[in-house]
Amino acid sequence: MTGDWLDIGWVEEIPLRGSRTVQVEGGDDIAVFRTGENQVFALRDRCPHKHGRLSQGIVHGGTVTCPLHNWRIALSSGAALGEDEGCTPTVPVKVSGGRVLICRAGTLQAAA
């Protein structure tokens, strides 16, 4: 841990167009995604619709598709796209020296 940032590992440990989860004590897991363009995003690992695990969805472009009912969620904002409505909390994330860091305060807020 570095101050307000929690080091969760090397960016290469997150598969391209895939994700990994980070367990948060006392809250929901956080899903950390890596797009095909090598961008990294973090969201609460729950779809706003039926709470499907977004980490098990398909990443395409800047979105993830929920595995339960095919809702598309924008990785940058957590907002449902198309005709669907809802939003899942985002968590600030950054890559520094090849390491992925998520904001500890943002993680706790998203998990609440």
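What you are looking at is a predicted structure, and each value in this text was computed from that prediction instead of being measured. (Residues numbered from 1 in each chain as written. Predicted model: local features only at pLDDT ≥ 70, side-chain atom pairs only at ≥ 80, totals over all residues. Heavy atoms only, no water.)

A. Expanded view of the overall build of the protein chain. For the protein chain, the helix and strand inventory stands at one helix and ten strands. Taking 2.2 N^0.38 as the reference for a compact globule, 112 residues should give roughly 13 Å; the C-alpha atoms of the protein chain span a radius of gyration of 13 Å, in line with that estimate. For the protein chain, the C-alpha atoms occupy an extent of roughly 40 × 30 × 20 Å along the three principal directions. Across the protein chain, the fraction of contacts at a sequence separation of at least 24, relative to all contacts at a separation of at least 6, is 39%. As displayed, the protein chain has an accessible area near 5,900 Å², and 47% of this comes from carbon and sulfur atoms. Within the protein chain, the 12 negative side-chain charges are centred at a point lying 2 Å from the centre of the 11 positive side-chain charges. (Helix = DSSP H or I, 4+ residues; strand = E, 2+ residues; numbered from the N terminus. Rg over C-alpha atoms; globule rule 2.2 N^0.38 Å. Contact = heavy atoms within 4.5 Å. Areas by Shrake-Rupley, 256 points an atom, 1.4 Å probe, with all protein chains shown as cover. Lys, Arg positive; Asp, Glu negative; His and termini not counted. Charge placed at Lys NZ, Arg CZ, Asp CG, Glu CD.)

B. Layout of unusual backbone geometry. Phi is positive for Arg17, close to 55 degrees, though the residue is something other than glycine. As for its placement among the helices and strands, Arg17 is situated in the loop between β1 (5-10) and β2 (18-22). A positive phi angle, close to 65 degrees, is found at His51, a residue other than glycine. Turning to its location among the elements, His51 is positioned in the loop between β4 (40-44) and β5 (58-60). With a relative accessible area of 46%, His51 lands in the partly exposed category. (Buried < 20%, exposed > 50% of the residue type's maximum accessible area, 1.4 Å probe, protein only.)

C. Up close: the nonpolar core. Counting 13 residues, the largest nonpolar core has Phe33, Leu54, Val64, Ile73 and Leu75 as the members making the most contacts within it. Those elements that place two or more of their residues in this core are β3 (30-34) and β4. Ignoring anything within four residues of it in the chain, the contact list for Leu54 reads Phe33, Leu43, Arg44, Asp45, Arg46, Cys47, Val64, Cys66, Ile73 and Thr88. (Core = buried A, V, L, I, M, F, W, Y, C linked by side-chain atoms within 4.5 Å.)

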